[in-house]
Every structure is written in structure tokens, then in C-alpha cells.
Amino acid sequence: MESIQSNVEASQDITRIYNNLKYNNTSDVNLTFSTDASGIIDLPERGTEIHKIDRINVHRNEIIHRSLKSHKKIEFFRDSSSIETHHASYLKFPNKEIKVDSLPAEITPFKLDLQFSKKVENLIIHDSIFGRFISEIERNLNEFIKHEHMKLENKIFFEEDWEIPDYEKLILSLNFKGIPFKREMLLWKMINTMVYERIKHIILYSSEEKVRRIKELKKKFFIKLEM
Amino acid sequence: MIKEKFKNLKNNYLIANMNDSLDIEILTQDLEYCIKTFENDNFSLMNVATNRLMENSIFLENKETFLVAAILKDIANDYIGIFQYKRNILNSAKVIGKKTITSIKTNYYNGINIESLWQDFNEFTVKISEFHKDELESEVYKKNTEFTSIIFEKILKFFEENKESLKKIHCTLINGVLGVIIRIMKNHSCALKESMVYLYIKLLAILYNYVIEKNFPEEEINEDDYKEYLEVHVDFIVKNYLNDSLDFNKYNSELWEIGKQYRELYFLFNTPRVVAKAPVSEIVPALVRVPIIPSRKIGENEEKEEKEN
């Protein structure tokens, strides 16, 4: 029996449940989703009977997640790439019916733990333009993981180019865990687009002096996918 | 490793007339705890940890460690703000704090050089300001410490001229001055002496809250308290800034005095009914403008509630 993925945080909303099911074989079973006091949704294994956790009478007015309506039936229809959300947040996906128990769901976004090499740290401290460049990348990565509900390991460091030793590259290395290669590539492309768009934006709205430096950094900057 | 450092530290402190190794051990534990909270991104707890360090340094009469605590408290407050409003850039911003804390730690284990501490604090204040700026501010404002100095002179003169109004418990002069100082420092950067003035006024703002509590239920602070707790410090800060004096030991003694008074009044007058307002105003007195609610008002509200019930 294939387990979908355990303990998906309620805060990650219905989109992630959708994604979970989308990338797994679908079958016509009814699934019941419930949350515990910590607001964690357990994604049930296929074919197993799920016992609902009794609702706990806690902070009902603190329910942040509007999509988690009390025992609302959420239907999934096959071949729909769009997610329709209106009030009760209905998702369309293959013949599945999911009941979501309502409990307060504290939003606990994924935390981005961006690692810097010593050299990068020193430059952040001593070069404010470099610091700004790096913080914009961080801002983008945070927006990305918030939007895509992705966990990723990443670090920023300098790397010598083995073909041109004088040329030092600034590398953002990404590592998505447990994701099919095709999807990894897609996410990498998305991050590339987002980050470079952001850099373009900074260039557009910076003073001349800053523009020169940011353009230099842009030339050195690469986003690498860890395999 | 810590044991080795501790031995080293003990030797250094023996030279500095600190003869009780237990004292050092306690302060070291407080400091290490404080650093751990920073590493774990728990900045509210870091603020609590720095209060412990501050309090213990008062009990143990260690003025140098008090300065360490005051600086770390300010660092904690900065990161509370970044964590709340700019979490998207927390990792980059933490690089600045990490460097400063490492430097403070080294300084501490080597016997505390006050001047280096102040230098570290100034460097931190200047650099972290970049992370407090919004996107447009980053683009528009450039470093101009000359302008900062001019404004500081003006605002401190204004502060001195109006210091008597501090007697009125509804007076927002300290928070007003602190607000201007923070804005100017953030947008135009600052030099060492401005960073020092900022830290004094920040602690003075906290002390002021407790002086008001001490004078409850009066609407005016009595003359003796005004002279003992407020005027003396305002005069010191303004005079030293305008005279361009940077006597680190004298400055440190004054800061210690403010801290000591504030902590003593905290023990005496931090009654449960004011708990709700005190921590907020302690954390960011200028960024979050907390109206000073005299205990009388709180008392009146409580009475009203009781009657209604």
C-alpha cells in the first residue's frame, strides 16, 4: 500500500493536498481528513479507514484557514489543472471526495534556512549593495516556498570557475528533497525566472552607482540544482 | 571549550577586580543562553535573556557586563522587528547580528573592553539599518552622518529645553525624541556618539515608565523623583553630546545608573496590572508607540469592570 505523504500541515492549504494527490495514482476512494489540536492534517493512506479525531473545543475564532470548513465535502475531478476556490474552497480532481474536519490551523509557513559561506557573510557585512542583492534573493526564495509550499535546502557560496580560474561565480544551490526530477527542473526554472526578474527590477530602480555593481553581481550569479 | 574560555575569562576578571568566580559563572551562563536564543531565532526569549543578564549584572555590580546586556537587548529588539515585519530577509539580516554577537562574546571572554563594545554596537546599528529600510528608502536615502549630527544637536537641545514637561505623566517627549533619533539613524546612518545617545535615551524611556508608576496615582512626577531619575540623565546625555565628549568610562557609569534605577523601580512598581503594557514598551519604545497609561486609568477601568459584573 502506498502512503501518500504523512502529516501535511494544515496551513499549507488545500493546494498541497491537491498536489499530493495529483502526483500519486488516483483511485476512487473516499478520504477523510482530520486535524489534531496542533492543526496538522493527516493525509490518509489509500484504502485505509480513517477515524476522525474528535473535535477539540479550542479557539474556534482563531481559524485562519478559510478553506477548512467543517466537514465540507471537497470534490476532486479528473483532468482539471485549475483550482477553483470560492468560499468553501472546492478543488476539482479525480473522483475523490475529501472531508475536512474543522479545527484551528495555525499557519506555520516553511522556514527558509539559507546558508551562506564565510566569504558571502563577510561581503554581506561589508558591502551594502551585495547585502541588498543577497537579501532580495532570500526574499524571492521565501515568496517561492510560500507560494509553492515547497521545502528546499539552499546555500549561497562563491565557486571558482574551473575553465577560467580568475572568474569567481556566485552560486545559489538548491536542493529539493523527494521530488521527481521533472518537477525539480520545473521548480528550478520557476526560481530562475523569479530571481532574475527581481534582479532586473532592482537594476531598473537603482542609482547608477548601484546599477553597475548589481550588473556585475548578476553576471556572476548562477542558480544550481543539486542532484 | 567553554571551560577553557571560562578559565581564561576568570583570569581576566581577576585583573579587573572581579573576584568571585561564581559571579562570572552566572553571567557567563546568562550570556550563553542569550546567544543560544539568537541562534534559534527566538528573539523574544533573547530579550528576556538579556534582561536576566542585565539584572544579574546589577546584583553583581558588574558595569561592563551591564553594557553587554544593554547592547544585546537592543540587538534582540531589532530582530524582533525584522522577524515580525521582514521575515523574508531574516537569514541575510542575521549575518550582521551573528558577527556582532561573536565579537561581543570574544570581548567578554577577554575581559571586556568598553570602547570595543561601543564600536561593535555602532557598527551593528549602522548595518542593521539597511535591513530596516524599505525598498524605496534603500534607493533614495544615502549615508549622511553630518546631517545626522546636526539633527541630533537640535533634537537634544529641544529635549533639554523641554525636560521639565517630563513631570507630566502624559508627556511623550522621550518617545518623541527617540522616534526622531531612530528615523534619522535609519535613513542617514550615524557615528559612534549618536549610537551611544540612542542607547541612553532608549533605557531612559524605559526608566521613565517606571518613574510614572512610582508616582501613581499622581498626575505629576514629584520634584525629587524628577531630579533623581530624569533630569540628571537628560543633562548628562545632552551635555556630553554637545561637548563632543566620548569618555567611555563615564558614559558606562551613567548607563549603569539608568539601568540600575530602572531595574529597581521595576521590582517595586511592576505590579500585575501594568504587566500588559510594560513588556511592549520595553521592547520597542519608539517603533511601537505605546501610550503611557497611568495606573490610575487602569484602576478606573478595573473598577468599572467590577461594577459591571
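Worth saying up front: this structure is predicted, and the values here are computed from it rather than measured.

Thoughts on the interface of chain A and chain B
Note on interface size: it is often stated as the accessible area lost on association of the parts.
Argument step 1. Between chain A and chain B, the residue contacts involve 24 residues of the former and 18 residues of the latter.
Argument step 2. Overall, the association of chain A and chain B removes approximately 1700 Å² of surface from exposure, summing both partners, and the carbon and sulfur fraction of that is 48%.
Argument step 3. There are three salt bridges connecting chain A and chain B.
Argument step 4. With a closest N to O distance of 2.5 Å, Arg132(A) and Glu139(B) form a salt bridge.
Argument step 5. The tally of links from chain A across to chain B stands at twelve residue pairs in polar contact (both at pLDDT 80 or more).
Argument step 6. Going through the elements one at a time, β6 (114-116), α2 (118-126), α3 (128-148) and α4 (181-204) of chain A are the ones with two or more residues in the side of chain A that touches chain B.
Argument step 7. Looking at the side of chain A that touches chain B, the element that brings in the most residues is α3(A), giving eight residues.
Argument step 8. Residues that form the side of chain A that touches chain B fall into these classes: seven nonpolar, seven polar and ten charged.

What to know about the confidence of the model for chain A
All names here are of chain A.
Argument step 1. Here chain A averages 64 in pLDDT, while 52% of its residues score no lower than 70.
Argument step 2. Mean pLDDT values over the elements of chain A span from 36, in strand β4 (residues 72-76), up to 94, in α2.
Argument step 3. Contacts for the low-pLDDT stretch residues 1-19, under 50 throughout, to residues beyond four places or in other chains number 64 contacts.
Argument step 4. Across residues 21-107 the pLDDT falls below 50, and counting only partners more than four positions away or on other chains, this stretch makes 188 contacts in the model.

Details of the confidence of the model for chain B
Residues and elements named next belong to chain B.
Argument step 1. Considering every residue of chain B, the mean pLDDT works out to 85; 81% of them sit at 70 or more.
Argument step 2. Across chain B, helix α8 (residues 145-161) holds the top mean pLDDT of 97, while helix α13 (residues 278-283) sits lowest at 42.
Argument step 3. Overall, residues 13-18 carries pLDDT values under 50, and its contacts beyond four positions in sequence, including any with other chains, amount to eleven contacts.
Argument step 4. For this predicted complex, the interface score ipTM comes out at 0.75, while the overall pTM is 0.70.

A short note on the nonpolar core
Argument step 1. Residues Phe176(A), Leu72(B), Tyr79(B), Trp118(B), Phe159(B), Leu166(B) and Ile201(B) are the most contacted members of the largest nonpolar core, which totals 123 residues.
Argument step 2. Of all the elements, helix α10 (residues 192-214) of chain B adds the most residues to this core, at 16 residues.
Argument step 3. Both of domain 1 (1-132) and domain 2 (140-309) of chain B provide at least three residues apiece to this core.
Argument step 4. Excluding anything up to four places from it in sequence, Tyr79(B) contacts Phe38(B), Phe43(B), Leu90(B), Ala93(B), Lys94(B), Ile96(B), Gly97(B), Phe124(B) and Ile128(B).

Focus on the packing of helix α4 (residues 63-85) of chain B against helix α5 (residues 90-109) of chain B
Residues and elements named next belong to chain B.
Argument step 1. Two numbers describe how α4 lies on α5: the axes approach to 11 Å, and their chain directions differ by 175 degrees. Considering the angle they form, α4 stands roughly antiparallel to α5. Judged by residue contacts, Thr65, Val68, Ile71, Leu72, Ile75, Tyr79, Ile82 and Phe83 of α4 engage Leu90, Ala93, Lys94, Ile96, Gly97, Thr100, Ile101, Ile104 and Tyr108 from α5.
Argument step 2. In terms of residue class, the contact of α4 with α5 is built from 13 nonpolar, three polar and one charged.

Considering the domain arrangement of chain B
Residues and elements named next belong to chain B.
Argument step 1. Domain annotation for chain B reports domain 1 (1-132) and domain 2 (140-309).
Argument step 2. When the buried surface of domain 1 facing domain 2 is broken down by residue, Ile58, Lys63 and Trp118 rank first, second and third, together holding 24% of it.
Argument step 3. In this assembly, domain 1 and domain 2 are joined by two salt bridges.
Argument step 4. Linking arginine 263 and glutamate 55 is a salt bridge whose minimum nitrogen-to-oxygen distance equals 2.9 Å.
Argument step 5. Our count for the contact surface shared by domain 1 and domain 2 stands at six residue pairs in polar contact (both at pLDDT 80 or more).

Conventions adopted
- Residues numbered from 1 in each chain as written.
- Chains lettered and ligands numbered in written order.
- Predicted model: local features only at pLDDT ≥ 70, side-chain atom pairs only at ≥ 80, totals over all residues.
- Heavy atoms only, no water.
- Contact = heavy atoms within 4.5 Å.
- Buried area = accessible area lost by both parts, 1.4 Å probe.
- Salt bridge = Lys/Arg side-chain N within 4 Å of Asp/Glu carboxyl O.
- Polar contact = N/O pair within 3.5 Å; in protein donor to acceptor, adjacent residues only side chain to side chain.
- Helix = DSSP H or I, 4+ residues; strand = E, 2+ residues; numbered from the N terminus.
- Nonpolar A, V, L, I, M, F, W, Y, C, P; charged D, E, K, R; others polar.
- pLDDT = per-residue confidence, 0-100.
- Core = buried A, V, L, I, M, F, W, Y, C linked by side-chain atoms within 4.5 Å.
- Buried < 20%, exposed > 50% of the residue type's maximum accessible area, 1.4 Å probe, protein only.
- Domains from an automatic or database assignment.
- Axes fitted to C-alpha atoms, helices over the stretch in contact; angles between N-to-C directions.
- Parallel < 35°, antiparallel > 145°, perpendicular 65-115°, else oblique.

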